[in-house]
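Structural overview for review
One-letter residues, chain by chain:
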Amino acid sequence: MLAPDAHPLLPADLIACHECDLLQREPALAPGETARCARCGALLARNPPDSIDRSLALACTAAVLYLIANLYPLVGLEMQGRRVEVTLAGALHILWHDGMGPVAALVGVTALLFPVLELLMILAVLVPLRLGRASPRLAPFFRLVRSVQPWGMVEVFLLGMLVSLVKLSHLATVILGTAFWAMAALIVVLTLAGRAFDPRLIWQTPEQASTPAPTATP
Amino acid sequence: MTHRPALTARQAGLLSCHICGQLARPPATGGHALRCPRCNAPLHLRKPASLATTWALVLAAAILFVPANLLPMMTTASLLGTQHDTIMSGVIFLWQSGSWPLAAVVFFASVMVPLLKIMALVYLAASAQRRSRRQPLQRTRLYRLVEFVGRWSMLDIYVITILVALVQFQGLATIQAGPAAVAFGAVVVLTMFAAMSFDPRLIWDPIADASPSEPPHD
């Protein structure tokens, strides 16, 4: 395995657009500013204000909401005196035993597993940085999370719940559970946490945070 | 499009990491199995076998789109008998029961988005393969749109999950997921993988090759 050098002659602020490969300089961003590719307009970098504190606060909130959303019933139905309530895990269990293993697995990873992985990544990066220590060397974990990011679909799941409840509303009384509201709040908080989080922090140690030039590692 | 002299990372002999964006110069000796100096991800000039992978996944998705729409998505057993519903009959049911905004949402997410997504990916892969130089910016925007809306096709999978889990009133009404659910889930997953395996920089490579802007740097 050959390791290429991060070229010593390359200016530290030189970046390539990930969508059109254009080489350009990353401008120094004031808090709240974003940099876009000069040619194709792709989002190159963001500098969310106060990134560490804000995203840490939002990630902690999201963690609490995630627990509530998974421990309490999401939705329920009342029909002729009988009442049914389901949690997310309960719904997956029923689907699995209904011979729909692949579908249950798909829902499980997209609505349950990947959102929590993203949350864990944000916390794993931010907690050590906040405490002034170097982030642990978790490169394989970060790579995994970066590749599963598009697969977290809590917001689509919430819309799916709404559609199914409308379909059932003529048939029975629909009950929105605690977890439903927790999940609605979770979507908002997760989105804000994602916005507040600066992905460049993942690859920086606290010393580098002041001089954002990444240097070659063996 | 701007007409400033544009130099891409490829023309400058640089690789940019797909995961963390780090630029690196491959060793002059060539070699394989390069790793990113910062995050240790495998380094490639372009996503490996991008077009072949995209074609294969799009083709598989297009084939599965047929059973996903023709087979029953769910089976409702109630006092009134057993009813099989496809995706389209579910949309029609929503429309007739008066919730036409939801009918439109489900129709858009479950029928239009997968269909348009497959067509858009075919167009993107075909034009990149022909090394077309027309409308690169528009095609990049199309690619972004495909990436952005893809997740919303998962809607029907979630609707089924909740319906199956909630409507388990033995003797009154039960809902079971049908074979189309597996096919439809596969279409969503395959088209998402297809969008991820397509490398948007292939749209811009023919333009860099055609412009005599700057000689390759070496």
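Labelled according to an unreviewed UniProt entry, chain B appears under the name Paraquat-inducible protein, originating from Zoogloea ramigera. As stated in UniProt under Subcellular location (unreviewed entry), the record for chain B gives "Cell inner membrane".

You'll find chain A entered in an unreviewed UniProt entry as Paraquat-inducible protein, with Zoogloea ramigera given as the organism.

Contact residues are listed per partner, giving 59 residues for chain A and 62 residues for chain B. Going through the elements one at a time, strand E1 (14-16), strand E5 (75-79), strand E6 (82-86), helix H2 (88-97), helix H3 (101-130), helix H4 (139-148) and helix H5 (154-168) of chain A are the ones with two or more residues in the side of chain A that touches chain B. It is H5 of chain A that contributes the most residues to the side of chain A that touches chain B, 10 residues altogether. Each residue belonging to the side of chain A that touches chain B can be placed in one class, and the counts come to 41 nonpolar, 9 polar and 9 charged.

Attention now moves to the nonpolar core. Counting 127 residues, the largest nonpolar core has Ala62 and Val103 of chain A together with Ile157, Tyr158 and Ala181 of chain B as its most contacted members. Considering every element that reaches this core, the biggest residue donor is helix H6 (residues 179-197) of chain B, with 12 residues. Here Val103 of chain A is in contact with Leu95 of chain A together with Ile157, Ala177, Ala181, Val182 and Gly185 of chain B, once residues within four sequence places are set aside.

With that settled, the discussion passes to the UniProt feature "transmembrane region" (unreviewed entry) in chain A. Residues and elements named next belong to chain A. Here the UniProt feature "transmembrane region" (unreviewed entry) sits at residues 56-75, 103-127, 148-166 and 172-193. Here residues 56-75 runs as 80% helix and 5% strand, with 30 Å between its end C-alpha atoms. Secondary structure content for residues 172-193 is 73% helix and 18% strand, and the end C-alpha separation is 37 Å.

Before going further, it helps to spend a moment on the confidence of the model for chain B. Low pLDDT marks stretches whose predicted atomic positions should not be read closely. Summing up the model confidence of chain B, the mean pLDDT is 85 and the portion of residues at 70 or higher is 92%. Between the elements of chain B, mean pLDDT differs from a low of 79, seen in strand E5 (residues 168-169) of chain B, to a high of 94, seen in helix H1 (residues 50-70) of chain B.

Split by domain assignment, chain A resolves into domain 1 (9-47) and domain 2 (50-198). The C-alpha centroid of domain 2 of chain A is placed 32 Å from the C-alpha centroid of domain 1 of chain A.

On to the sheet that holds strand E6 (residues 173-177) of chain B. Residue and element names in this part refer to chain B. Read across the sheet, 4 strands follow the order E4-E3-E6-E5 without closing on themselves; strand pairing throughout is antiparallel. Each of the sheet's edge strands pairs with one partner strand only, and the pair in question is strand E4 (81-85) and E5. Where E5 meets E6, 2 bridges bridge the pair, whose relative direction is antiparallel. Bridge pairing in E6 places Gln168 opposite Thr174.

What counts, and where the lines are drawn
Residues numbered from 1 in each chain as written. Chains lettered and ligands numbered in written order. Predicted model: local features only at pLDDT ≥ 70, side-chain atom pairs only at ≥ 80, totals over all residues. UniProt positions renumbered as here; feature names shortened; annotations may be inferred. Contact = placed C-beta atoms within 7 Å. Helix = DSSP H or I, 4+ residues; strand = E, 2+ residues; numbered from the N terminus. Nonpolar A, V, L, I, M, F, W, Y, C, P; charged D, E, K, R; others polar. Core = buried A, V, L, I, M, F, W, Y, C linked by C-beta atoms within 7 Å. Buried ≥ 20, exposed ≤ 12 C-beta atoms within 10 Å, placed from the backbone. pLDDT = per-residue confidence, 0-100. Domains from an automatic or database assignment. Pairing = 2+ DSSP bridges.

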